[in-house]
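These are the residues of each chain, in order.
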Amino acid sequence: MSSLNGDGATPQQPRIGVLALQGDFAEHIHMLSEIGITAVEVRKVQQLSEIDGMIIPGGESTTIVKLLGMFDFVDELRSQVESGMALWGTCAGMIVIARELADPYPTPLNLLDIRVARNYFGRQVDSFESELEIDGVEGDHMRAVFIRAPIVIDTGIGVEILARVPAIDDRPEQAVAVKKGRVLATSFHPELTRDTRMHSLFVELAEEARSDSVRRSTEETRSIV
Ligand code: GLN
């Protein structure tokens, strides 16, 4: 079988990785398999150059930030995102990729221009579900699962708000899904439901990244020949 890059992938089948240092990476891998994508568990920084998109799962953001530092991911991750790799942070993953937090810990990676508050809903509402209307997701509202979830309290220029959770008690509505370019962040956990639409949306971003890098490498080959 022939392929464009000799690695079995085509622009229609992007290579997706799920950061597997801590958190619920297995659930994301399962969701991706439901839509025909065989994702890889990312544990080494070298794997970043072999994927078109990466998910940072829910878990414990302080631990994930610490492990990313220990395993030397930070600079390479930034450089891959700057060159167009798709990135999606869910819950703790959203905290990890934010520009700034309203909390003292951890120090986030600043890969998306958002300010985030951890555990926003507090002890009273440790976890809850809500039906969300999400821009870019067709059809019925999506059931969203929130577990000690963060919210986005401020967005920088060019960051689109895709979904808001309605006002609860005395708290106003809050942004819980945002996107800029190919970087996506959600406060909730689509991987804990059976609804694959958010994963499909991310796969589209990774497809764009894949097509871009195939085009770039074809151009490079032409300029060498
Ligand atoms: N509250 C956790 C944190 O701050 C995130 C929770 C989650 O990912 N479900 O890291």
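Residues numbered from 1 in each chain as written. Predicted model: local features only at pLDDT ≥ 70, side-chain atom pairs only at ≥ 80, totals over all residues.

## Considerations on the overall build of the chain
Then, in step 1: Helix and strand content of the chain: five helices and twelve strands.
Then, in step 2: Computed over C-alpha atoms, the radius of gyration of the chain comes to 17 Å, within 12% of the 17 Å expected from 2.2 N^0.38 for 225 residues, which places it in the range of a compact globule.
Then, in step 3: Each principal axis of the C-alpha atoms in the chain carries an extent, and together these give about 65 × 40 × 35 Å. (Helix = DSSP H or I, 4+ residues; strand = E, 2+ residues; numbered from the N terminus. Rg over C-alpha atoms; globule rule 2.2 N^0.38 Å.)

## Thoughts on helix H3 (residues 74–82)
In an α-helix, one full turn covers 3.6 residues, which means residues spaced three or four apart are oriented alike.
Then, in step 1: Restricting attention to buried positions, one finds in H3 the residues Leu77, Gln80 and Val81. One side of H3 carries all its buried residues, which in axial view fall inside an arc of 100°. In H3, the exposed positions angled more than 90 degrees off the buried face are occupied by Asp75, Ser79 and Glu82.
Then, in step 2: For H3, the elements touching its buried residues are strand S4 (86–90) and strand S12 (183–186).
Then, in step 3: Two residues or fewer after H3 comes Gly84, characterised by a positive phi angle close to 110°. (Buried ≥ 20, exposed ≤ 12 C-beta atoms within 10 Å, placed from the backbone. Arc of directions from axis to C-beta. Contact = placed C-beta atoms within 7 Å.)

## Section: the confidence of the model for the chain
Then, in step 1: Per-residue pLDDT for the chain has a mean of 92; in total, 93% of the residues score no lower than 70.
Then, in step 2: For the stretch residues 1–6, pLDDT sits under 50, and the model shows six contacts to residues farther than four places along the chain or on other chains. (pLDDT = per-residue confidence, 0-100.)

## Looking at the site of the ligand
Then, in step 1: The environment of the ligand is formed by Gly58, Gly59, Glu60, Ser61, Cys91, Ala92, Ile95, Arg118, Asn119, Ile147 and Arg148.
Then, in step 2: Its residues assigned to classes, the shell around the ligand comprises four nonpolar, four polar and three charged. (Near = placed C-beta within 6 Å. Nonpolar A, V, L, I, M, F, W, Y, C, P; charged D, E, K, R; others polar.)

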